[in-house]
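Take a look at the letters that make up each chain.
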Amino acid sequence: MEDYGVEPLRYDDMIPGCYRPTDRLLDMDLDGVHAALCFPSFPGFAGGTFHRAEDKDLALRCVQAWNDFHIDEWCAHAPDRFIPSGILPTWDVELAATEARRLAERGFRAISFPDSPVPLGMPSFHSDAWDPLWDVVSEEEICVCLHFGSSGFMPGFSFGSNIDQNRDMEGLRAPFAVAIALFSSNLQWSTVDLLLSGTLQRFPKLRFMLSEGGIGWIPYVLERTDQTWYRHRWYQDIDRQTRPSDLFRRHFYGCFIDDEFGIENRHKIGVERLLVEIDYPHSDSNWPNSRKRISEAMAEVPDDEVEMIVEKNARTAFRFPRESRHSSIGDRWS
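Basis of the calculations
Residues numbered from 1 in each chain as written. Predicted model: local features only at pLDDT ≥ 70, side-chain atom pairs only at ≥ 80, totals over all residues. Heavy atoms only, no water. Core = buried A, V, L, I, M, F, W, Y, C linked by side-chain atoms within 4.5 Å. Buried < 20%, exposed > 50% of the residue type's maximum accessible area, 1.4 Å probe, protein only. Helix = DSSP H or I, 4+ residues; strand = E, 2+ residues; numbered from the N terminus. Contact = heavy atoms within 4.5 Å. Arc of directions from axis to C-beta. Salt bridge = Lys/Arg side-chain N within 4 Å of Asp/Glu carboxyl O.

A.B. asks: Even after reading the chapter, I still don't get the nonpolar core, so can you show me in this structure?
C.D. replies: Nonpolar side chains tend to gather and get buried jointly when the protein is soluble and globular. By size, the foremost hydrophobic cluster in this structure holds 63 residues, and its most contacted members are Phe113, Trp134, Val137, Val144, Leu146 and Phe208. Broken down by element, this core gets its largest block of residues, 6 residues, from helix α4 (residues 93-106). If sequence neighbours within four positions are ignored, leucine 146 has contacts with Phe113, Pro114, Asp115, Phe125, Leu187, Ser190, Leu194, Phe208, Met209, Leu210 and Ser211. Ranked by size, the runner-up nonpolar core spans 12 residues in total, among them Ile83, Ala110, Cys143 and Phe320.

In structure tokens, the structure reads:
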């Protein structure tokens, strides 16, 4: 940990598992990990690099090229161990829906989507503008992964929309550790937005993955949102019949790397809604000791619940592995 930093690196400075799928598999073996869903690096967790590009025709080609690379060159090395997850042209809802349909036909199990479209200048989760996309991912049973920070928003009063200014103004500078400690708060906002948006009622098969958000906060946020709903639903344009916590347990999965408090309170969330994350090759990862650390943290958890959290819930959420419904690629993704 003493060697951590934010300095630029050459490929020679990185372990090859960062960029070579064959080496990634070896590092997964070393870590005791059978299968993984890998997020993009250069494009941003949800393709933000291409969203911010000025040339949108080029950006669309880049999105499609990255998706094709991911399934043809990365996941193809081990279709039984890499879970295909794509990105979308998020600057245009119709293009996003079209690309999501193409990804489903290619065998993708998930998409990585911004934790909030608003910082990217797009309609919020409260708008029906995203309905064409939700319609496709619901029909195709694609899980929508909301990775914290994927919208480009930095949590914390010292960061936020004034991050560049605050880096330079004396007295306002904050260590990046502030944002790191608060990263999960992005997904708290995302969760409450979606729970009170009406979207989940319109799309009962829609599923969201709170990627790298931790789980310890979930019981409190659900309790608080239920209390707010119970007291304030009558004078606002929100569903008056469905308790937000019930919606959460039908539509959301929580993910954690190292979260003892969340594990202790797992039944307040729902054991069937929890997944383990590794975060390789980032600095929150316990690699190459992930399996050891998970075993320590869940030493008092019954074996059947451990099996759900470390394997079965992921297989259910991502329908992995299973034969594709699209016959053109059925042999490849059996």
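A.B. asks: Whenever I open this one, helix α13 (residues 290-297) confuses me. Can you help?
C.D. replies: Spacing of three or four residues puts side chains on the same side of an α-helix, whose turn is 3.6 residues. For α13, the set of buried residues is Ser290, Arg293 and Ile294. For α13, the angular spread of buried residues about the axis comes to 100 degrees, placing them on one side. With respect to the buried face of α13, the exposed residues turned more than 90 degrees away are Arg291 and Lys292. Buried residues along α13 sit in contact with α1 (21-31), α11 (260-264), β8 (274-276) and α14 (303-318).

A.B. asks: I keep staring at the pattern of salt bridges and nothing clicks. Help me out?
C.D. replies: Side chains that differ in sign of charge can pair as their charged atoms come close. By the definition in use, this model includes 16 salt bridges. A salt bridge links aspartate 68 to arginine 102, with the nearest nitrogen and oxygen atoms 3.0 Å apart. Taken together, the positions of aspartate 68 in helix α3 (residues 56-74) and arginine 102 in helix α4 put the pair 34 residues apart, joining distant regions of the chain. For the salt bridge of glutamate 307 with lysine 312, the shortest nitrogen-to-oxygen distance reads 3.9 Å. One salt-bridge network, in which partners are shared between bridges, spans Asp68, Asp72, Glu99, Arg102 and Arg106.

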